[in-house]
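# Descriptive analysis of the structure
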Amino acid sequence: MTDDRFETQNRFRPEDRFPAGAQYIAGELRAGTSGRTHHVVDPATGTRVWTYELAGTADVDAAVAAARAAFPGWSGATPGERSDALHRFAAVLADRAEEFAQAESLQCGKPLKLSREFDVPGTIDNTAFFAGAARHLQGQSAGEYTGDHTSYVRREPIGVVGSIAPWNYPLQMAAWKVLPAIAAGNTIVLKPAELTPFTSLLFAMAATEAGIPAGVVNIVTGAGQDAGEHLVSHPDVAMTSFTGSTAVGKRVAELATATVKRLHLELGGKAPFVVFDDADLEAAVHGAVAGSLINTGQDCTAATRAYVQRPLYDAFVEQVAEVMASVRVGDPFAADTDLGPLVSAAQRDRVAAIVERARGYATVVTGGEPVKGEGAFYPPTLIADAPQDSEIVQAEVFGPVLVVLPFDSDDDGIALANDTPYGLAASAWTRDVYRAGRATREIQAGCVWVNDHIPILSEMPHGGYKASGFGKDMSSYSFEEYTQVKHVMYDNTAVARKDWHRTIFGDR
Ligand code: NAD
């Protein structure tokens, strides 16, 4: 990467791209009608970059009506037609890659190099994956199971999907929600987080530009309590797909259950990072720093709890602190920035308060003081000597904070890794294939890495165990969420009086 890629700084202007407002309904931008406005703030500087009208319940109704109207045409298209449209969609995204990267970095504060090298290419790859996968929806084989009938399975779309996304990876979350849903023939209304509307809107607009019919992808940008709850409760929405915190996920589950909706929940995480005493220490140290600091720690799979077997513990703590101190915190648009701000001043204050409380029972090895100034910056922070049942070990911090604890036996390491309510992701660090095999079998998480932590890919499922939720994003497994299977059964005999009718007519 060269410095001149950064020299133009941010060129993305929301007022130019979204002149009519932050709602995208039936292929058109419009203003929200809730009567309330929201300011999008650049978290690196604290300055307002855009003000928009939030969606109200009437906007949700309009978006659901648009998605409902688009459903017969889109679900009736052939898989090949949907696949072609998704291929064109991937091409439009690739053309617009730089705009997406700048918009994402502006609203989230994530380093431009992260947006350029992770969020945007990942989204383009996901789109290309689902373009192919749209032609591979599969069911069980057909057959004559009774001898007198032929049975087969149809895999059908569900209808209008209502999706709700968080602010940490707005573009990728929009992609993970929208792509499997529409590849399978559904239409969708997506509500991004109020803080981060830009890339969800750009994503939906790119879908239209690629020829995906108006109404197939709609965006309502509103608050959780009104727009979000109305979308989950809406009688014309057949499925709710939610990514966010476990606390809000429970509320969403209650509302979705009341209207008997299919439900997919991707919730919080508290990923363990288990280092056995035969691990490559350099790899584990660098893996822990990168895995805990990615996206300023605002990553549901980020390494948050390092358990290190006693012989390596002291060296691990010392080296992680040293590498963390070398990480450069600063302007997301500067080429030499490794770590941007948190998404908002409120999130920074939340993280700072959790670390302050931890000082009462643990040792802050490095970091731990908010960076002074207007931006929502918080330094890489390592905490040791915390009890397993303490807040810093058990609760989701969602900031650049890693807590490290020692363990003695392999049994202890695995038991500690499993000792939180969450189960989204985990990693095991060892050169022993049997230890690795045991860790991958016994750690309760939707993903277990061996000798790495963070990589994701379009072909493999992402989703939680335990309080991290249920259902899968990405991969062909996501079609289990976004399709329903229908058994179709044909009589082959053409006999009017079937044998089984005896149960009704007796011997007549
Ligand atoms: P959040 O739960 O506060 O909000 C998520 C979304 O829900 C937002 O769009 C918000 O407006 C909406 N919402 C809030 N209250 C609502 C309500 N009552 N009804 C309907 N919608 C409502 O989460 P956040 O702070 O935006 O994001 C961080 C959380 O997301 C973390 O817990 C993180 O672990 C989780 N996350 C999970 C995954 C995953 O794949 N499991 C991925 C990314 C983020």
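Above this note sits the structure.
Notes on the structure in this doc start here. Predicted, not measured: the structure shown is a model, and the values here were computed from it. (Residues numbered from 1 in each chain as written. Predicted model: local features only at pLDDT ≥ 70, side-chain atom pairs only at ≥ 80, totals over all residues. Heavy atoms only, no water.)

## Topic: the overall build of the protein chain
- What the protein chain contains, in helices and strands, is 17 helices and 21 strands.
- At 25 Å, the protein chain has a C-alpha radius of gyration in line with the 23 Å of a compact globule built from 508 residues.
- By its C-alpha atoms, the protein chain is 85 × 55 × 40 Å across when sized along the principal axes.
- Considering the protein chain as a whole, with its 508 residues, one finds that 56% of them fall into the buried category.
- When the accessible area of the protein chain is evaluated, it comes to approximately 20300 Å², of which 53% is carbon and sulfur surface.
- Side chains of the protein chain give 43 positive and 63 negative charges; the mean places of these two sets differ by 7 Å. (Helix = DSSP H or I, 4+ residues; strand = E, 2+ residues; numbered from the N terminus. Rg over C-alpha atoms; globule rule 2.2 N^0.38 Å. Buried < 20%, exposed > 50% of the residue type's maximum accessible area, 1.4 Å probe, protein only. Areas by Shrake-Rupley, 256 points an atom, 1.4 Å probe, with all protein chains shown as cover. Lys, Arg positive; Asp, Glu negative; His and termini not counted. Charge placed at Lys NZ, Arg CZ, Asp CG, Glu CD.)

## Some thoughts on empty space enclosed by the protein
- Throughout the structure, instances matching the rule amount to four cavities of 30 Å³ or more.
- When its volume is computed, the largest cavity comes out at roughly 100 Å³.
- Residue lining of the largest cavity: F118, N168, Y169, Q172, M173, W176, D299, C300, T301, I454, I456 and H462, and that is the complete set.
- At three residues, helix α6 (residues 170–183) tops the list of elements feeding residues into the lining of the largest cavity.
- Looking at side-chain class alone, the lining of the largest cavity contains seven nonpolar, four polar and one charged residues.
- For the lining of the largest cavity, the domains that each give at least three residues are domain 1 (23–267 + 468–486) and domain 2 (271–450). (1 Å grid on protein atoms, 1.4 Å probe; cavity = no way out; pocket = protein on both sides within 12 Å on 5 of 7 lines; lining within 4 Å. Points joined across faces, edges and corners; volume = space filled by probe spheres on them. Nonpolar A, V, L, I, M, F, W, Y, C, P; charged D, E, K, R; others polar. Domains from an automatic or database assignment.)

## Digging into the pattern of salt bridges
- With the rule as written, the count across this model stands at 26 salt bridges.
- Close ionic contact of R251 with E229 constitutes a salt bridge, the shortest N to O distance being 3.0 Å. In this pair, R251 sits in helix α9 (residues 246–258) while E229 sits in helix α8 (residues 224–233), placing the two residues 22 residues apart along the sequence.
- Among the residues examined, R251 registers a relative accessible area of 35% and is labelled partly exposed.
- On the accessibility criterion, E229 (23% relative accessible area) is partly exposed.
- A salt bridge links R435 to D277; its shortest N-O distance comes to 2.9 Å. Separated by 158 residues along the polypeptide, R435 in helix α15 (residues 433–442) and D277 in the loop between β11 (271–275) and α10 (281–293) bring together distant segments of the chain.
- For R435, a relative accessible area of 16% corresponds to the buried category.
- One network of salt bridges, with partners in common, ties together D277, D278, D410 and R435. (Salt bridge = Lys/Arg side-chain N within 4 Å of Asp/Glu carboxyl O.)

## Re the sheet that holds strand β18 (residues 447–450)
- With mixed pairing, the seven strands of this open sheet are ordered in space as β13-β14-β15-β12-β11-β17-β18. The strands lining the two open edges of the sheet, one partner per strand, are β13 (363–366) and β18. Taken over all neighbouring pairs, the strand axes of this sheet differ in orientation by 25 degrees on average, direction set aside.
- Packing of α15 onto the sheet brings it into contact with β12 (303–309), β17 (425–429) and β18, and relative to β18 it is tilted by some 165 degrees. (Pairing = 2+ DSSP bridges. Axes fitted to C-alpha atoms, helices over the stretch in contact; angles between N-to-C directions. Contact = heavy atoms within 4.5 Å.)

## Remarks on the site of the ligand
- Close to the ligand lie 29 residues; A165, E229, S245, L267 and E396 are nearest.
- Note that an oxygen atom of the ligand is positioned 2.7 Å from one of the backbone N or O atoms of A165.
- The separation between a nitrogen atom of the ligand and a polar main-chain atom of G224 is 3.4 Å.
- Starting from 860 Å² of accessible surface for the ligand in isolation, the protein chains cover 90%.
- Its atoms largely coinciding with the cavity grid, the ligand occupies the largest pocket.
- Taken together, the elements giving at least two residues each to the shell around the ligand come down to α8, β9 (239–243) and α9.
- The residue inventory of the shell around the ligand, partitioned by class, reads 14 nonpolar, nine polar and six charged. (Near = heavy atom within 4 Å. Polar contact = N/O pair within 3.5 Å; in protein donor to acceptor, adjacent residues only side chain to side chain. Sits in = over half its atoms within 2 Å of the grid points.)

## Overview of the packing of aromatic side chains
- Scanning all chains against the criterion turns up 15 aromatic pairs.
- Here the aromatic rings of F118 and Y169 are separated by 5.9 Å at their centres, their planes lie at 70 degrees, and the arrangement is edge-to-face. Of this pair, F118 sits in helix α5 (residues 112–133) while Y169 sits in the loop between β6 (160–164) and α6, and the two are 51 residues apart along the sequence.
- Classification of F118 as partly exposed rests on a relative accessible area of 21%.
- Taking the ring centre of F505 as reference, the NZ or CZ of R497 above it sits at 5.6 Å. (Phe/Tyr/Trp six-rings, centres within 6.5 Å; stacked < 30°, edge-to-face > 60°. Lys NZ or Arg CZ within 6 Å of the ring centre and 35° of its normal.)

Treat this as a map of the structure, not an account of what it does.
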